[in-house]
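The lines below spell out each chain.
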Amino acid sequence: MNIVIITGASSGMGKEFALQLDAGLYTVDEFWLVARRKDRLEELAAQLDHMAKVIPADLTCEEDMEKFRKLLKEERPVIRMLINSSGYGIMGRFTEMERQERLGMVDVNCRALTDMTCACIPYMKKNSRLIMMASSAAFLPQPGFAVYAATKSYVLSLSRALREELREKGIYVTAVCPGPVRTEFFDRAEKYAATLAVKKFSCVEPEDVVRAALTASARNRAMSVYSPLMKGFHLLSKTLPHSLLLEIAQKMK
Ligand SMILES: NC(=O)c1ccc[n+]([C@@H]2O[C@H](COP(=O)([O-])OP(=O)(O)OC[C@H]3O[C@@H](n4cnc5c(N)ncnc54)[C@H](OP(=O)(O)O)[C@@H]3O)[C@@H](O)[C@H]2O)c1
């Protein structure tokens, strides 16, 4: 059985990946939709033409991950695509947010993504694809969004290394690095601090980011950076000293 696994499928870009793949991917038998909100996953499953398995799971919960690994062992699917979209960010000063919020970002964005990826790779074959939701926050440290930006640097670094490790198995790895995207992400992110005006101005739609990400993955690109503004930011982050960019960013606040 050929399957696609999407984490974070209950909203935002994870859900959008499911909808776009449903319309175009004919060689897949089933979609496995993973997130905590079962009702949202069921709603999405009902919308899809493909068969879909709803897997309500908190990816930071050891018991849920154990159940997921057991399911893989029992069903022995061929994972044609794994999309790691579960994640969250909370803006605010490092010491000001609650301990669980700070550590939770590391748990979901890094630890759970690592564990999920490792659980799935043995079931991937030549031409299987791995899509990792990083962020443009991976390009530069972000005072006021420090932990989130650090977790996304981790995701980008991990993706680039896995891309090399998995090359000999013929598995494609693409890191997706968008700037701000109009999703529920900001409902949680803005608990302590508001998004900078410049970020709000550059907000893009999830449909466009996902379309670009799927194209990049099909072309076996290492990264997908959507929008000219974010491409420019990426270039600057590779060419200018980060100390200078951080100084400019502080002045823009
Ligand atoms: N929106 C942006 O501006 C932006 C920009 C760059 C990168 N990103 C990244 O893109 C990815 C998708 O974000 P989005 O914008 O689509 O945000 P979103 O709409 O808030 O979606 C986040 C998803 O993560 C899931 N999730 C959170 N904690 C989880 C947990 N413990 N276990 C399982 N699933 C969990 C949520 O599902 P449940 O709540 O149902 O569990 C939800 O489906 C994230 O990794 C985010 O960091 C977002």
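Residues numbered from 1 in each chain as written. Predicted model: local features only at pLDDT ≥ 70, side-chain atom pairs only at ≥ 80, totals over all residues. Heavy atoms only, no water.

It is worth spelling out a nonpolar patch on the surface at this point. Taken together, L236, L240, L244, I248 and M252 make up a surface patch of nonpolar side chains, about 410 Å² in accessible area. Structurally, the position occupied by L244 is in helix α10 (residues 242-251). (Patch = residues over 30% accessible without salt bridge, like charges linked within 9 Å, V, L, I, M, F, W, Y side chains within 5 Å. Areas by Shrake-Rupley, 256 points an atom, 1.4 Å probe, with all protein chains shown as cover. Salt bridge = Lys/Arg side-chain N within 4 Å of Asp/Glu carboxyl O. Helix = DSSP H or I, 4+ residues; strand = E, 2+ residues; numbered from the N terminus.)

A separate point is the environment of R182. On the secondary structure map, R182 appears in the loop between β6 (172-176) and α6 (185-189). In sequence terms R182 and C203 are 21 residues apart; their C-alpha atoms lie 6.1 Å from each other. The residues contacting R182, other than those within four sequence positions of it, are C203, V204, E205 and P206. Looking at R182, its side chain comes within polar contact range of the side chain of E205, at 2.8 Å. (Contact = heavy atoms within 4.5 Å. Polar contact = N/O pair within 3.5 Å; in protein donor to acceptor, adjacent residues only side chain to side chain.)

The tendency in soluble globular proteins is for nonpolar side chains to be buried as a group. Within the largest apolar cluster, 37 residues are counted, with the highest numbers of intra-cluster contacts made by I5, F68, L72 and I79. Elements represented by at least two residues in this core include exactly β1 (2-7), β2 (30-35), α3 (62-75), β4 (78-84), α4 (99-120), β5 (124-133), α5 (146-165) and β6. For this core, the element with the most residues is α4, which contributes five residues. Not counting the four nearest positions on each side in its chain, L72 is found in contact with I5, W32, P77, I79, A119, C120 and Y123. (Core = buried A, V, L, I, M, F, W, Y, C linked by side-chain atoms within 4.5 Å. Buried < 20%, exposed > 50% of the residue type's maximum accessible area, 1.4 Å probe, protein only.)

Contact geometry for helix α1 (residues 12-24) and helix α8 (residues 206-218): axes closest at 9 Å, N-to-C directions at 60°. Relative to α8, the element α1 lies oblique. At the point where α1 passes α8, the crossing takes the right-handed sense. Residues M13, E16, F17, Q20 and L21 of α1 touch α8, and the partners they reach there are P206, E207, V209, V210, R211, A213 and L214. (Axes fitted to C-alpha atoms, helices over the stretch in contact; angles between N-to-C directions. Parallel < 35°, antiparallel > 145°, perpendicular 65-115°, else oblique. Left-handed = near helix turned anticlockwise from the far one by under 90°.)

Further remarks concern the packing of aromatic side chains. Using the criterion set out here, one finds five aromatic pairs in the structure. Measuring from centroid to centroid gives 5.9 Å for F139 and F233, while their planes differ by 50°, and the two rings are tilted. Of this pair, F139 sits in the loop between β5 and α5 while F233 sits in helix α9 (residues 228-239), placing them 94 residues apart in sequence. Look at F139 and you get buried, because its relative accessible area is 7%. Aromatic pair F145 and Y148: ring centres 4.6 Å apart, planes at 20°, arrangement stacked. Exposure class is identical for F145 and Y148. Each is buried. What links up through ring pairs into an aromatic cluster is the set F145, Y148, F185 and F186. A cation over an aromatic ring shows up here: R102 above the ring of F94, its NZ or CZ 5.2 Å from the ring centre. Looking at R188, its charged tip hangs above the ring of Y88, at a distance of 3.6 Å from the centre. (Phe/Tyr/Trp six-rings, centres within 6.5 Å; stacked < 30°, edge-to-face > 60°. Lys NZ or Arg CZ within 6 Å of the ring centre and 35° of its normal.)

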